[in-house]
Amino acid sequence: MTRALVPGSFDPVTNGHLDIIGRAAGMFESVLVAVARNSTKSPLFTLQERMDMLSEACAAFDNVEVGSFEGLLVEYAARQGASVVVRGLRAVSDFEYELQMALMNRRLNAAVETAFLMTGTEYSYLSSSIVKEIARLGGSVEGLVPDHVGERLRQQVERSGS
Ligand code: PNS
């Protein structure tokens, strides 16, 4: 049984992330979506909120579970018995950073392979950052994130008063 790890910040999960998670769920017996605690970024949502939104969004997949990690991704993958890390590619611009990360992860642990999946073209311009900016500026995020995430974004923007 191959277990795949889909790591990310998921601040918040978008329909582009879900497209990749769905593709991974169709390819691997077991998929663990892992939210990075990520000390280098200052996320809009807490770790728990990001995990809750992901769990709700992934409820329809019966081979997908949600976890979180801190520290090195490859160490978490090894602890969780995941031999493949799945990352989504939207455009060529993603490739350089993703290649660097994949090769560094291989150097750290050659037993963990990285697989890149292409997002659906309708999501090629989508990112959590752009969704947050639209929400902050009062635009509609319908169709970009699940409805429950859109609602949380609206509440969060209201709460932060920005
Ligand atoms: O959604 P993101 O922000 O593109 O996800 C990036 C993430 C969290 C997958 C990446 O930053 C990561 O793996 N962080 C864990 C720390 C680590 O292992 N760093 C070495 C990899 S080069």
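In case you missed it, the structure is sitting above this.
Notes on the structure in this doc start here. (Residues numbered from 1 in each chain as written. Predicted model: local features only at pLDDT ≥ 70, side-chain atom pairs only at ≥ 80, totals over all residues. Heavy atoms only, no water.)

A few words on the pattern of salt bridges. Counting across every chain of the model gives nine salt bridges. A salt bridge links Glu 151 to Arg 154, with the nearest nitrogen and oxygen atoms 2.7 Å apart. Here Arg 154 and Glu 151 lie together in helix H6 (residues 147-160), a separation of three residues that amounts to about one turn. In this structure, Arg 154 engages Glu 158 in a salt bridge whose closest nitrogen and oxygen atoms are separated by 3.0 Å. On the criterion of helical spacing, the pair formed by Arg 154 and Glu 158 is a turn pair, its members being four residues apart in helix H6. Accessibility expressed as a relative area gives 59% for Glu 158, which makes it exposed. Each of Glu 151, Arg 154 and Glu 158 takes part in one network of salt bridges that share partners. (Salt bridge = Lys/Arg side-chain N within 4 Å of Asp/Glu carboxyl O. Helix = DSSP H or I, 4+ residues; strand = E, 2+ residues; numbered from the N terminus. Buried < 20%, exposed > 50% of the residue type's maximum accessible area, 1.4 Å probe, protein only.)

Ser 9, Lys 41, Leu 73, Arg 87 and Asn 105 are the nearest of the 14 residues found near the ligand. At a separation of 2.6 Å, an oxygen atom of the ligand approaches a polar side-chain atom of Ser 9. Arg 87 places a polar side-chain atom, nitrogen or oxygen, 2.9 Å from an oxygen atom of the ligand. Contact with the protein chains removes 76% of the 550 Å² of surface that the ligand exposes when unbound. For the shell around the ligand, the secondary structure elements donating two or more residues are strand E1 (3-8) and helix H4 (92-108). Here the shell around the ligand takes four residues from H4, the largest share from any one element. (Near = heavy atom within 4 Å. Polar contact = N/O pair within 3.5 Å; in protein donor to acceptor, adjacent residues only side chain to side chain. Areas by Shrake-Rupley, 256 points an atom, 1.4 Å probe, with all protein chains shown as cover.)

Turning our eyes to something else, we now look at the packing of aromatic side chains. Tallied over the entire structure, the rule returns one aromatic pair. Seen from their ring centres, Phe 69 and Tyr 76 are 5.2 Å apart, and the 20° between their planes marks the pair as stacked. Of the residues examined, Phe 69 reaches a relative accessible area of 10% and is grouped as buried. (Phe/Tyr/Trp six-rings, centres within 6.5 Å; stacked < 30°, edge-to-face > 60°.)

Moving on, we come to unusual backbone geometry. In this structure, Pro 12 follows Asp 11 across a cis peptide bond, with omega equal to 0°. Looking at where Pro 12 falls in the secondary structure, it is placed in the loop between E1 and helix H1 (15-27). Of note, Phe 10 is a non-glycine position whose phi angle comes to about 50°, a positive value. Looking at where Phe 10 falls in the secondary structure, it is placed in the loop between E1 and H1.

Okay, the nonpolar core next. Ile 21 and Val 86 are the most contacted members of the largest nonpolar core, which has 34 residues in total. Residue assignment for this core shows that the elements contributing at least two residues are E1, H1, strand E2 (30-36), helix H2 (47-57), strand E4 (84-89), helix H5 (128-136) and H6. The contact partners of Ile 21, leaving out residues within four places of it in the chain, are Val 6, Phe 10, Val 33, Leu 54, Cys 58, Phe 61 and Val 64. In terms of nonpolar packing, the next biggest core, distinct from the first, is built from 12 residues, Ala 34, Ala 36, Tyr 76 and Ala 82 among them. (Core = buried A, V, L, I, M, F, W, Y, C linked by side-chain atoms within 4.5 Å. Contact = heavy atoms within 4.5 Å.)

In this section: the sheet that holds E4. In spatial order, the strands read E3-E2-E1-E4-E5; together these five strands make up an open sheet with parallel pairing. Of all the strands in the sheet, the pair left with one neighbour each is strand E3 (64-69) and strand E5 (113-118). Looking at each pair of strands side by side, their axes are set apart by 30° on average, direction ignored. The sheet contact formed by E1 and E4 spans two bridges and is parallel. By the bridge assignment for E4, Ala 4 is matched with Val 84. (Pairing = 2+ DSSP bridges. Axes fitted to C-alpha atoms, helices over the stretch in contact; angles between N-to-C directions.)

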